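Report on the structure
Here is how the chains run, residue by residue.
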Amino acid sequence: MGVLLVALAENSIQLVPDGTLVVHILMIWIMVAILNRTLFKPVNKVLAEREEKTKGRHSETEGVLARVNQRLHEYEGQLREARTEGYREMEELKSESVRERDQKIQKLKDEMGNWLVAQKAELNQQSYAVRDRLTSESSEIGAQIASRILGRPMDGAGR
């Protein structure tokens, strides 16, 4: 076989393929088979396992993300409901306080009206009393003035 290899390996350039082409193709085929068994299959196996783990983790991550989004949506819904309830309660408290304020104002107006009526009645009574007193005092003062002017005592009838 050594002679065959020496005969095939001449120093000249050949344009027509000879037996070395078959040897080269055979060597490449053997090299690919050896590399396939020793390198490519184990590397492809590791890459396939990694891809499988990555897909599994990716699926798991998508599931977790979907649950998180669902819980976030539920939380936002509950938050909206709580805000709505809070606003409703605030409106109820506000309307109740407005009612109470209006009732207190009305009560105060009624009390002030009653007080004002009482004060007017008291003022009228006092004015009548003062008028009566002034009338009686004016008669007495008139009689005193007339008695001083006339120099004689005057009776209550003005004679």
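Quick notes on the rules
- Residues numbered from 1 in each chain as written.
- Predicted model: local features only at pLDDT ≥ 70, side-chain atom pairs only at ≥ 80, totals over all residues.
- Heavy atoms only, no water.
- Helix = DSSP H or I, 4+ residues; strand = E, 2+ residues; numbered from the N terminus.
- Buried < 20%, exposed > 50% of the residue type's maximum accessible area, 1.4 Å probe, protein only.
- Areas by Shrake-Rupley, 256 points an atom, 1.4 Å probe, with all protein chains shown as cover.
- Patch = residues over 30% accessible without salt bridge, like charges linked within 9 Å, V, L, I, M, F, W, Y side chains within 5 Å.
- Salt bridge = Lys/Arg side-chain N within 4 Å of Asp/Glu carboxyl O.
- Expected span 1.5 Å × (residues − 1).
- Bend = angle between axes of the 7 residues up to and from the residue.
- Polar contact = N/O pair within 3.5 Å; in protein donor to acceptor, adjacent residues only side chain to side chain.
- Contact = heavy atoms within 4.5 Å.

This brings us to the overall build of the chain. Looking only at helices and strands, the chain features two helices and zero strands. The 159 residues of the chain split such that 2% are buried. Counting every atom, the chain has about 14,900 Å² of accessible surface; 61% of that belongs to carbon and sulfur.

Taken together, the side chains of Met31, Leu35, Leu39, Phe40, Val43 and Leu47 define a hydrophobic patch exposed on the protein surface, amounting to about 510 Å² of accessible area. Following the sequence through the fold, Met31 ends up in helix 2 (residues 19-150). Classification of Met31 by relative accessible area gives partly exposed; the value is 47%.

Once the charged atoms of two side chains with opposite charge are near each other, the side chains can pair. Scanning the model with the defined rule gives four salt bridges in all. A salt bridge links Arg101 to Asp102, with the nearest nitrogen and oxygen atoms 3.6 Å apart. Salt-bridge contacts for Arg133 lead to Glu137; the nearest nitrogen and oxygen are separated by 3.7 Å. Taken together, the positions of Arg133 and Glu137, both in helix 2 and four residues apart, correspond to about one turn of that helix.

Next up on the list: helix 2. Quick reminder: α-helices carry 3.6 residues per turn. Residues three or four places apart thus point the same way. Counted at 1.5 Å a residue, the expected span for helix 2 with its 132 residues is 196 Å, and the 181 Å between its end C-alpha atoms agrees. Most pronounced at Asn36, the bend in helix 2 amounts to some 50 degrees. Positive backbone phi, at 80 degrees, marks Gly151, one or two positions downstream of helix 2.

Below, the discussion takes up the side chain of Ser147. Looking at where Ser147 falls in the secondary structure, it is placed in helix 2. Of note is the side chain of Ser147, whose polar atom sits 2.9 Å from the backbone oxygen of Gln144. If we skip the residues at most four places from it in the chain, Ser147 touches Arg152, Pro153 and Met154.

All right, on to the environment of Ala146 then. As for its position among the elements, Ala146 is in helix 2. Setting aside residues up to four positions removed in sequence, Ala146 forms contacts with Gly151 and Met154.

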